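Architecture and fold: a report
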Amino acid sequence: MALIGVLGAGTWGMALARMLSNSDHDVTVWSAIEKEIDDLSMNRTHPHLPGMVIPDEIKFTKDIREACTDKDIIIFAVPSVFVRSTTKAAREYIKEGQIIVDVAKGIEPGTLLTMTEVIADELGKAVKLVALSGPTHAEEVAKDLPTTIVSACDDLETAEFVQDVFMNTCMRVYTNPDRKGIELCGALKNVMALASGISAGLGYGDNTKAALITRGMAEITRLGRKMGCLERTFYGLAGIGDLIVTATSVHSRNNRCGYLIGQGMSVEDAIKEVGMVVEGINAIPAAVTLARQYDIDMPLIMAVDSVVNHGEDPAEAVRKLMSRDKRNEIL
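Residues numbered from 1 in each chain as written. Predicted model: local features only at pLDDT ≥ 70, side-chain atom pairs only at ≥ 80, totals over all residues. Heavy atoms only, no water.

1. Things to note about the sheet that holds strand S7 (residues 147–152)
Pairing is mixed across the open sheet formed by eight strands, whose spatial order is S3-S2-S1-S4-S5-S6-S7-S8. Only two strands of the sheet have a single partner each, and these edge strands are strand S3 (59–61) and strand S8 (171–176). The sheet shows a mean angle of 25 degrees between the axes of neighbouring strands, taken without regard to direction. Pairing analysis gives three bridges linking strand S6 (residues 128–133) to S7, with the strands arranged antiparallel. Opposite Leu-132, over in S7, you have Ser-151 as the bridge partner. (Pairing = 2+ DSSP bridges. Helix = DSSP H or I, 4+ residues; strand = E, 2+ residues; numbered from the N terminus. Axes fitted to C-alpha atoms, helices over the stretch in contact; angles between N-to-C directions.)

Now the structure itself:
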C-alpha cells in the first residue's frame with residue numbers, strides 16, 4: 001500500500017484518486033477550492049463524472065500540508081496554469097527525494113517550461129519527477145474501462161515504482177525515459193484537438209480529421225526532435241495515442257471547444273460553454289513561441305493561433321492551409 005496525496009480535485013484527479021483507492025492505496029485529496037472539498041466529502045460524487053461513486057476510504061482536506069506530508073507519492077492534478085502557484089503553496093511541506101507525479105498537461109508561457117520543470121523550478125530542491133500521460137479520459141477511467149498510460153522519468157527505478165502503484169486490471173502502465181518528449185506531446189496534442197474540433201464545426205469530415213491528426217503529429221515530432229526528445233516517444237501512447245483520443249472523443253474539452261468555434265461561437269463563449277479548463281487554449285502561446293524559437297514549420301499550430309488569438313475566420317484559415325506550397329511528406 002502506498003500513501004498518496006492528490007493536489008487537485010478535478011475530473012482527472014478524482015478519477016485517479018478513486019482508482020488508486022480501489023487498488024488499496026491510502027489516498028488524501030486536496031483542493032484550493034474549499035467548497036469543492038466540502039461537496040465531494042459530503043456527497044461522494046463529482047459533478048462532471050456522473051455515476052462515479054467516491055470510495056469512503058478517500059480522505060479530503062483543505063490543508064495542503066496534510067496532502068503532502070509523509071506521502072510516498074504526491075500527484076499534481078491541477079490545471080497547468082495553477083501548477084506553479086500550487087507548488088509554491090506546497091513547497092515547505094515537500095521533502096528532498098519526494099516522488100512527484102504530474103498529470104497536468106501544458107507548457108508555461110514565458111519560461112517555456114514543461115509542468116515537471118515548473119515544479120522543479122519552484123521547489124528548488126532535489127525531488128523525483130514523473131510525467132504520467134497517455135490516452136486517458138477521466139470519464140472512462142472512472143468507469144474502470146481498459147486504459148493505458150506512460151510513466152516517464154529518466155530514473156528507471158522511480159518510473160517503475162510509479163508503474164507498480166498505478167497498474168491494475170483496468171490501467172496498464174508503460175515506462176519511458178523521455179519525460180520532456182512525453183510532456184511536449186501532452187501539451188501540443190491539445191492544440192491539435194482544437195484544430196480537429198474546428199474542422200468538425202465547419203462541417204468537414206473524417207478525411208479532414210485524419211489529415212489533421214497525422215500532419216499534426218508530424219509537426220509535434222519535428223519540434224520534439226529539434227528539442228532533443230526521442231522520436232519513438234511521438235509514435236507511442238503519449239504521442240499519437242493521446243492525440244487520437246483527444247482529437248476524436250466526445251469527452252475531449254479541446255475537441256468540443258474547437259467544434260463550437262468552428263460553428264461560429266466566440267472563443268470566450270466556447271470556453272464558457274465547455275465549462276471546464278480548455279488546456280489547448282492555454283498551450284497556444286508557448287507552442288507558437290517554441291515553433292519560432294526552434295525555427296520549425298508548424299502551420300497547423302499557427303492556424304489555430306490565428307483563429308483563437310487573432311480573430312481569423314476558421315474557413316479562411318483552412319483555405320490558406322490548403323493553398324500552401326507543395327512539399328514532400330517525408331522530407
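2. Some points on the state of the cysteines
By definition, a disulfide links the sulfur atoms of two cysteine residues through a covalent bond. According to the stated counting rule, one finds zero disulfides in the structure shown. Between Cys-185, a free cysteine, and Cys-229, which holds the nearest cysteine sulfur, the sulfur-to-sulfur gap is 7.8 Å. A residue is classified by how much of its surface remains accessible, and Cys-185, at 1% relative accessible area, is buried. (Disulfide = S-S within 2.5 Å. Buried < 20%, exposed > 50% of the residue type's maximum accessible area, 1.4 Å probe, protein only.)

3. Describing helix H15 (residues 299–310)
Burial of H15 is extensive: nine of the 12 residues sit out of reach of the surface. Looking only at H15, the buried set comprises Pro-299, Leu-300, Ile-301, Ala-303, Val-304, Asp-305, Ser-306, Val-307 and Val-308. Those residues of H15 hidden inside the fold are in contact with helix H8 (179–201), helix H9 (206–226), helix H12 (253–262), helix H13 (267–274), helix H14 (279–293) and helix H16 (314–322). Where H15 terminates, the next one or two residues include Gly-311, which has phi positive at roughly 70 degrees. (Contact = heavy atoms within 4.5 Å.)

4. Some thoughts on the environment of Asp-102
Position of Asp-102 among the secondary structure elements: in strand S5 (residues 99–102). In sequence terms Asp-102 and Ser-133 are 31 residues apart; their C-alpha atoms lie 8.6 Å from each other.

5. Brief notes about H9
For H9, spanning 21 residues, the distance from its first C-alpha to its last is 30 Å, which sits close to the expected 30 Å at 1.5 Å a residue. Those residues of H9 that sit buried are Lys-209, Leu-212, Ile-213, Gly-216, Met-217, Glu-219, Ile-220, Thr-221, Arg-222, Leu-223 and Gly-224. Where H9 is buried, its residues contact H8, helix H10 (231–234), helix H11 (237–248), H14 and H15. Where H9 ends, the next residue or the one after it, Gly-228, has phi of about 90 degrees, a positive value. (Expected span 1.5 Å × (residues − 1).)

6. Description of the side chain of Glu-122
Mapped onto the elements, Glu-122 comes out in helix H5 (residues 115–123). A distance of 2.8 Å separates polar atoms of two side chains, one belonging to Glu-122 and the other to Arg-84. Discounting chain neighbours no more than four positions away, the residues touching Glu-122 are Arg-84, Thr-87, Lys-88 and Arg-91. (Polar contact = N/O pair within 3.5 Å; in protein donor to acceptor, adjacent residues only side chain to side chain.)

7. As for the environment of Pro-285
For Pro-285, the position within the fold is in helix H14. The exposure class of Pro-285 is partly exposed, given its relative accessible area of 38%. The spatial distance from the C-alpha of Pro-285 to the C-alpha of Asp-305 is 7.7 Å, given a sequence separation of 20 residues.

8. Observations regarding a negative patch on the surface
A cluster of acidic residues, Asp-154, Asp-155, Glu-157, Glu-160 and Asp-164, forms a negative patch on the protein surface. Within the secondary structure, Asp-164 is located in helix H7 (residues 156–166). Assessed through its relative accessible area of 58%, Asp-164 is described here as exposed. (Patch = residues over 30% accessible without salt bridge, like charges linked within 9 Å, V, L, I, M, F, W, Y side chains within 5 Å. Areas by Shrake-Rupley, 256 points an atom, 1.4 Å probe, with all protein chains shown as cover. Salt bridge = Lys/Arg side-chain N within 4 Å of Asp/Glu carboxyl O. Lys, Arg positive; Asp, Glu negative; His and termini not counted. Charge placed at Lys NZ, Arg CZ, Asp CG, Glu CD.)

9. Some points on the nonpolar core
In terms of nonpolar packing, the biggest core is built from 44 residues, with Leu-184, Leu-188, Leu-223, Cys-257 and Ile-261 touching the most fellow members. Within the residue set of this core, elements represented by two or more residues are H8, H9, H11, H12, H13, H14 and H15. Here Ile-261 is in contact with Ile-198, Val-267, Ala-270, Val-307, Val-308 and Pro-314, once residues within four sequence places are set aside. With 39 residues, the next largest nonpolar core counts Met-14, Ile-37, Ala-142 and Met-171 among its residues. (Core = buried A, V, L, I, M, F, W, Y, C linked by side-chain atoms within 4.5 Å.)

10. Concerning unusual backbone geometry
Of note in this structure, Asp-144 is not a glycine but carries a positive phi near 60 degrees. One can find Asp-144 in the loop between helix H6 (138–141) and S7. For Asp-144, a relative accessible area of 33% translates into the label partly exposed. Located in the positive-phi region is Asp-295, a residue other than glycine, with phi close to 55 degrees. Checked against the element boundaries, Asp-295 lands in the loop between H14 and H15. Given a relative accessible area of 68%, Asp-295 falls into the exposed group.

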